[in-house]
Amino acid sequence: MSDTLDTIEIIRGRLRDSFAQASTDEQKQKIKAELKRLSDLQEEVVLQEFESVADEIRALTSTLQQIIDNLTGVIGNFFLQDFDKIGTQAGLAIRTAPPPTQPNSGRPAKRDRSRQPAQGSDTTSSASLDGWAGLISTYRSYDKVSAELKIASLAQWIQESGRGTSPLARKYNNFGGIKYRARMQGYCTPVDYTGSDGDSTTYCNFSSLTAFIEGYWHFIASGDSYSGWERYSHNGAAYIRFIAPHYSADPNYITGVLRLFEESGSLLKQGSNGSGSSEDGAPAAPLSNVATPEGSTARVAIVIGHNARSPGSSAVSPLSRTEFVFNGEVAAYMLRNAAQYNLELKVFTRQSNPSVEREILAAYAEAAAFNPVCAVELHFNSSDNSAATGTEVLLAGGKPAAAALASSITSALRSSLGLPLRGNRGLSVVSRGDRGWISVSALPNVPSVLCEPFFGSNTSDCVTVAGLGEEKLALAYLRGLREFVLSRNLVA
Ligand SMILES: [Zn+2]
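Residues numbered from 1 in each chain as written. Predicted model: local features only at pLDDT ≥ 70, side-chain atom pairs only at ≥ 80, totals over all residues. Heavy atoms only, no water.

### Comments concerning the overall build of the chain
And step 1. In terms of helices and strands, the chain carries 17 helices and eight strands.
And step 2. Sequence-distant contacts, at least 24 apart, represent 76% of the contacts inside the chain between residues at least 6 apart.
And step 3. Taken as a whole, the chain presents about 20100 Å² of accessible surface, with 49% of it coming from carbon and sulfur. (Helix = DSSP H or I, 4+ residues; strand = E, 2+ residues; numbered from the N terminus. Contact = heavy atoms within 4.5 Å. Areas by Shrake-Rupley, 256 points an atom, 1.4 Å probe, with all protein chains shown as cover.)

This is how it looks when you write it as structure tokens:
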């Protein structure tokens, strides 16, 4: 299941890229229509046995192929390059012949050490611009990596070079604080320099802005410790989480860079704001420290808040996703890891209905048929006050089991996210007419809660969550659920 969801997310990312690059309205319309079909398909995949929709995905693939064919030669070929990987993953045959007329536009192939850029030959119109402004201008037209990776890497360069003010940047076009390695030969020349970390060592001297950009991506693509970085092409935050331990010794590097995504995105302003990312192919977090006692599994219903048509509020950078999309990803990770927590999960999504009450009750009626020990609805919070922060879980009053469930979840979220618990230790009791009431009261005999782990309207909250990643948030939910199940003795 999660592989299929991953595939859908990767395809979605590619479609968004191609939308940003499409040159005619007709192409944009086609891509839009396919994005809509993908959303519908995602809902179905989450709801049903994914094998049963495999045929549908294959049908969709042939349409995707047509789009790819239509776009080939029109847009940069960077987005085509991963399609064979996607195809392999999904057992699909997507043909990815590179555009024959663009011999020079492939992004640096991993470990392709023979490919060397012509140094000092900026070919963009901004070649005359120097320094920071020139770098941004040059990078805007760079099309060998995804928009998400451009935002992520420029955020790094903002941090590394102090917005182009570091001596290393001004003297040597080295905006990334990149130390010289043998594998950089041909991309730069070595220069001795004492860095801000007091470390006197050999750094890269790039002959031009273009040489730096090419050199940075070669540095990543050719570094053994960065092997696998392409998996994060459509999730800039996941890319930073992946490379940070090797790129910088600063323990605060990840959050420092994530905080700069917004600035970076607005500097690049490319028609893509880094949203919609998803292919977080990060290996599952080690679970050895998690108690997974032997025992029967307990059934848990996961309800994803909002729906595909009306997806809830949007998180600010660097998360930049709606509640429905974000929580769909979290739920996919919960499914993937549930067995390790002796939980049997089923994910329910809401089908758009003019009556929100009917829409919610229909989802809970399906959940009830699954006969779960508890139900958890996934959201994130939002406020006009951008300083509003913290974790809360909504529940109905007078229900000790729901309170126990809420407490287990808030404490797991607290220990993972570290955000303040709002109100009464994070528990928010709602009454008829309050936000969340329909959900938490839909199943009178099943402990039900509605989770708001953070504020999507708060940049700092979003930096925290992006720094942690969707999978770790999913694991926090699973820990809370397991704790609840054990505490209530709900295993046979
Ligand atoms: Zn919501």
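### Side note on the sheet that holds strand β3 (residues 298-304)
Picture the strands of a sheet paired through backbone hydrogen bonds; they go either parallel or antiparallel.
And step 1. What the six strands build is an open sheet, ordered β4-β3-β5-β8-β6-β7; its pairing is mixed. For this open sheet the edge positions go to β4 (343-349) and β7 (427-430), each flanked by a neighbour on one side alone. The sheet shows a mean angle of 25° between the axes of neighbouring strands, taken without regard to direction.
And step 2. Pairing between β3 and β4: seven bridges, direction parallel. Bridging from a neighbouring strand, A298 pairs with L343 of β4.
And step 3. Set on the sheet, helix α12 (residues 323-337) makes contact with β3, β4 and β5 (374-378); between it and β3 the angle comes to about 165°.
And step 4. Strands in contact with helix α14 (residues 400-417) are β5, β6 (392-396), β7 and β8 (448-452); relative to β8, the strand with the most contacts, it is inclined by about 25°. (Pairing = 2+ DSSP bridges. Axes fitted to C-alpha atoms, helices over the stretch in contact; angles between N-to-C directions.)

### Considerations on the coordination of the zinc ion
And step 1. Bound to the zinc ion are the protein donor atoms H306 (NE2), E323 (OE), E323 (OE) and H379 (ND1), situated 2.0 to 2.7 Å from the metal.
And step 2. Considering all four donor atoms around the zinc ion, the spread of angles at the metal, 53 to 146°, places the coordination shape in the irregular class.
And step 3. Sequence spacing of the donor residues for the zinc ion, all on one chain, is H-x16-E-x55-H. Of this pair, H306 sits in the loop between β3 and α12 while H379 sits in the loop between β5 and β6; the two residues are 73 residues apart in sequence, bridging distant segments of the chain. (Donors = N, O, S within 2.8 Å, 3.2 Å for Na, K, Ca; no water. Tetrahedral: all angles 85-135°; square planar, octahedral: opposite > 155°, others 65-115°.)

### Regarding the confidence of the model for the chain
And step 1. This prediction gives the chain a mean pLDDT of 80; 74% of its residues lie at or above 70.
And step 2. Taken as a whole, residues 271-294 scores under 50 in pLDDT and shows 62 contacts with residues more than four places along the chain or in a different chain. (pLDDT = per-residue confidence, 0-100.)

### Observations concerning the pattern of salt bridges
And step 1. One pass over the full model with this rule turns up 11 salt bridges.
And step 2. With a closest N to O distance of 2.5 Å, R321 and E329 form a salt bridge.
And step 3. According to the relative accessible area criterion, R321 is buried, its value standing at 4%.
And step 4. Look at E329 and you get buried, because its relative accessible area is 7%. (Salt bridge = Lys/Arg side-chain N within 4 Å of Asp/Glu carboxyl O. Buried < 20%, exposed > 50% of the residue type's maximum accessible area, 1.4 Å probe, protein only.)

### Considerations on the state of the cysteines
And step 1. Applying the stated rule across the entire model yields zero disulfides.
And step 2. Here C451 is not cross-linked by a disulfide; its sulfur's nearest cysteine counterpart is in C374, at 9.7 Å.
And step 3. Residue classification places C451 among the buried positions, given a relative accessible area of 0%. (Disulfide = S-S within 2.5 Å.)

### Observations concerning the side chain of T410
And step 1. Mapped onto the elements of the fold, T410 is located in helix α14.
And step 2. Look at T410 and you get buried, because its relative accessible area is 2%.
And step 3. Apart from the residues within four sequence positions on either side, T410 is in contact with V393, L421, R425, G426 and L427.

### Re the packing of aromatic side chains
And step 1. Considering all chains together, one arrives at 21 aromatic pairs under this definition.
And step 2. Judged by centre distance (4.9 Å) and plane angle (90°), the rings of Y216 and W217 are edge-to-face. Like W217, Y216 is buried.
And step 3. When the ring centre of F219 is taken as reference, the NZ or CZ atom of R183 above it lies at 4.4 Å.
And step 4. The ring of F242 has R231 sitting right over it, with the charged end atom 5.8 Å from the ring centre. (Phe/Tyr/Trp six-rings, centres within 6.5 Å; stacked < 30°, edge-to-face > 60°. Lys NZ or Arg CZ within 6 Å of the ring centre and 35° of its normal.)

### Here's the deal with the packing of helix α6 (residues 147-161) against helix α11 (residues 261-268)
Helix packing geometry: the angle between the two helix axes and the distance between the axes.
And step 1. Here α6 crosses α11 at 115°, and the two axes come no closer than 8 Å. Considering their axes alone, α6 and α11 lie roughly perpendicular with respect to each other. In this structure, the crossing between α6 and α11 has a hand that is right-handed. Each of K150, I151, A152, L154, A155 and I158 in α6 lies in contact with α11, whose residues at this interface are F261, E263, S264, G265, L267 and L268.
And step 2. When the residues that make up the contact of α6 with α11 are grouped by side-chain class, the tally is eight nonpolar, two polar and two charged. (Parallel < 35°, antiparallel > 145°, perpendicular 65-115°, else oblique. Left-handed = near helix turned anticlockwise from the far one by under 90°. Nonpolar A, V, L, I, M, F, W, Y, C, P; charged D, E, K, R; others polar.)

### Focus: the packing of α6 against helix α8 (residues 209-222)
And step 1. In contact at an axis separation of 12 Å, α6 and α8 are set at 105° when each is read in the N-to-C sense. Comparing the axis directions of α6 and α8 gives the class roughly perpendicular. Residues L149, S153, Q156 and W157 of α6 pack against F212, I213, Y216 and W217 of α8.
And step 2. Each residue belonging to the contact of α6 with α8 can be placed in one class, and the counts come to six nonpolar, two polar and no charged.

### Some details on the environment of Y216
And step 1. Structurally, the position occupied by Y216 is in helix α8.
And step 2. If near-sequence neighbours (up to four positions away) are discounted, Y216 is found in contact with S153, Q156, W157, I178, Y239, I243 and Y247.

### Quick notes on the nonpolar core
And step 1. W217 and Y239 are the most contacted members of the largest nonpolar core, which totals 96 residues.
And step 2. Summarising the domain contributions, this core has at least three residues from each of domain 2 (125-268) and domain 3 (298-487).
And step 3. With near-sequence residues (within four places) excluded, Y239 lies in contact with L149, A152, Q156, Y216, W217, I220, W229 and Y232.
And step 4. Grouped together as the second largest cluster of nonpolar side chains are 11 residues, A301, V303, A367 and A442 included. (Core = buried A, V, L, I, M, F, W, Y, C linked by side-chain atoms within 4.5 Å. Domains from an automatic or database assignment.)

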